[in-house]
Amino acid sequence: METLTGNPLIKALIILFLVSATTATGDAPFIIAHKKASLHRLKTGAERVSVSIDVYNQGFSTAYDVSLVDDSWPQDMFDIVSGNTSKSWERLDAGGFLSHSFELEAKNQGMFNGAPAVITYRVPTKATVQEAYSTPILPLDILAERPPEKKLEWRLLAQYGNQISVVSIVVLFIYLIASPSKSSAAKASKKKR
């Protein structure tokens, strides 16, 4: 053990680890962003992509001039239906949370791999603008041929719901009459003794 800690390379790695751990927990914002996308098929055959990006400040100080840009949606493949692919906020307090969402309509069929969104912010103690990235999204299979979903036909349930409920009540009543109760079985066992 003495030779392991006596090694200058190991000592340098331990010191580097301790210094990086103390600076990581220092007085600075720590931005984490989560990007989600979901597909919604419209009755007209078109497909919309709903995108939401949640930005969290897990650090110990406020981030200023926070800007979110998500340019991973090419205009030849998507039209913006609502919202914008970029958003700016004045500040994001320590422990704070911001959210942004927008909706796109797909033009072409195929697989799409989106890149992470870019978040830039300013820290008062540093002159340079800081940058963070969101999580990437899973590949989207846009306008893919999907087998029809088997849903419970509410129309049939509404049409035959009364008959189903009457039949189930009659079956329950017959079951209750035909099955012996526990109290009568207990009385019968006492009489035999």
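This one's a predicted model, so the numbers in the text were calculated from it and none came from an experiment.

Caption draft 1: Main features of the overall build of the protein chain. Each helix and strand in the protein chain was counted, giving 4 helices and 10 strands. In the protein chain, the order of α-helices and β-strands from amino to carboxyl end is α-α-β-β-β-β-β-β-β-β-β-β-α-α. Buried residues in the protein chain amount to 24% of all 193 residues. When contacts within the protein chain are restricted to residue pairs at least 6 apart in sequence, those whose partners lie at least 24 apart make up 68%. Carbon and sulfur atoms make up 61% of the accessible area of the protein chain, which amounts to about 14,100 Å² in all.

Caption draft 2: Quick peek at the sheet that holds strand 9 (residues 130-133). Pairing is antiparallel in the open sheet, where 4 strands are placed in the order 5-3-8-9. Of all strands in the sheet, those with a lone pairing partner are strand 5 (86-92) and strand 9, marking the two edges. Taking each pair of neighbouring strands and ignoring which way they run, the sheet shows an average axis angle of 20°. Sheet topology note: the strand 3 (residues 63-69)/strand 5 ladder contains 6 bridges and is antiparallel. Within strand 5, the residue paired with Leu68 across the bridge is Lys87.

Caption draft 3: Summary view of the nonpolar core. The biggest cluster of nonpolar side chains holds 28 residues, and the ones touching the most others in it are Ile31, Val55, Trp73, Phe78 and Ile119. Sorting the residues of this core by element identifies strand 1 (31-41), strand 2 (47-57), strand 3, strand 5, strand 6 (97-106), strand 8 (118-122) and strand 10 (140-142) as the ones contributing at least two each. Once residues lying within four places of it in the same chain are set aside, the contact partners of Ile119 are Ile31, Ala33, Val55, Val66, Ser67, Leu68, Gln130, Glu131, Ala132, Tyr133 and Ser134.

Caption draft 4: Examining the UniProt feature "transmembrane region" (unreviewed entry) in the protein chain more closely. Taking the numbering used here, the UniProt-annotated feature "transmembrane region" (unreviewed entry) corresponds to residues 12-33 and 160-178. Taken end to end, residues 160-178 is 100% helix and 0% strand, and its two terminal C-alpha atoms sit 27 Å from one another.

Caption draft 5: Here's a closer look at the side chain of His100. Assignment of secondary structure puts His100 in strand 6. Given a relative accessible area of 10%, His100 falls into the buried group. Here Asn84 takes part through its backbone oxygen, which lies 2.6 Å from a polar atom of the side chain of His100. The contacts of His100, once residues within four sequence positions are left out, are Val51, Ser52, Ile53, Leu68, Asn84, Ser86, Lys87 and Trp89.

Caption draft 6: Spatial organisation of the packing of aromatic side chains. Per the counting criterion, the structure on display carries 4 aromatic pairs. Judged by centre distance (4.9 Å) and plane angle (25°), the rings of Trp73 and Phe112 are stacked. Pair noted here: Trp73 is in the loop between strand 3 and strand 4 (78-82) and Phe112 is in strand 7 (residues 110-112), with a separation of 39 residues, a long-range link. By the burial criterion, Trp73 is buried, and Phe112 matches it. An aromatic cluster is defined as three or more aromatic residues linked by ring pairs; in this entry it consists of Trp73, Phe78 and Phe112.

Caption draft 7: Structural detail: the pairing of strand 3. Here strand 3 pairs with strand 8 via 4 bridges, running antiparallel. What sits directly across from Ser67, in strand 8, is Thr120.

Caption draft 8: Focus on the sheet that holds strand 2. Strand order in this open sheet of 4 strands is 1-2-6-4, and the pairing throughout is antiparallel. The strands lining the two open edges of the sheet, one partner per strand, are strand 1 and strand 4. If you compare each strand with its neighbour and ignore which way they point, the axes differ by 30° on average. As paired strands, strand 2 and strand 6 are joined by 9 bridges and run antiparallel to one another. For Tyr56, the partnering residue across the bridge sits in strand 6 and is Phe97.

Conventions used here
- Residues numbered from 1 in each chain as written.
- Predicted model: local features only at pLDDT ≥ 70, side-chain atom pairs only at ≥ 80, totals over all residues.
- Heavy atoms only, no water.
- Helix = DSSP H or I, 4+ residues; strand = E, 2+ residues; numbered from the N terminus.
- Buried < 20%, exposed > 50% of the residue type's maximum accessible area, 1.4 Å probe, protein only.
- Contact = heavy atoms within 4.5 Å.
- Areas by Shrake-Rupley, 256 points an atom, 1.4 Å probe, with all protein chains shown as cover.
- Pairing = 2+ DSSP bridges.
- Axes fitted to C-alpha atoms, helices over the stretch in contact; angles between N-to-C directions.
- Core = buried A, V, L, I, M, F, W, Y, C linked by side-chain atoms within 4.5 Å.
- UniProt positions renumbered as here; feature names shortened; annotations may be inferred.
- Polar contact = N/O pair within 3.5 Å; in protein donor to acceptor, adjacent residues only side chain to side chain.
- Phe/Tyr/Trp six-rings, centres within 6.5 Å; stacked < 30°, edge-to-face > 60°.

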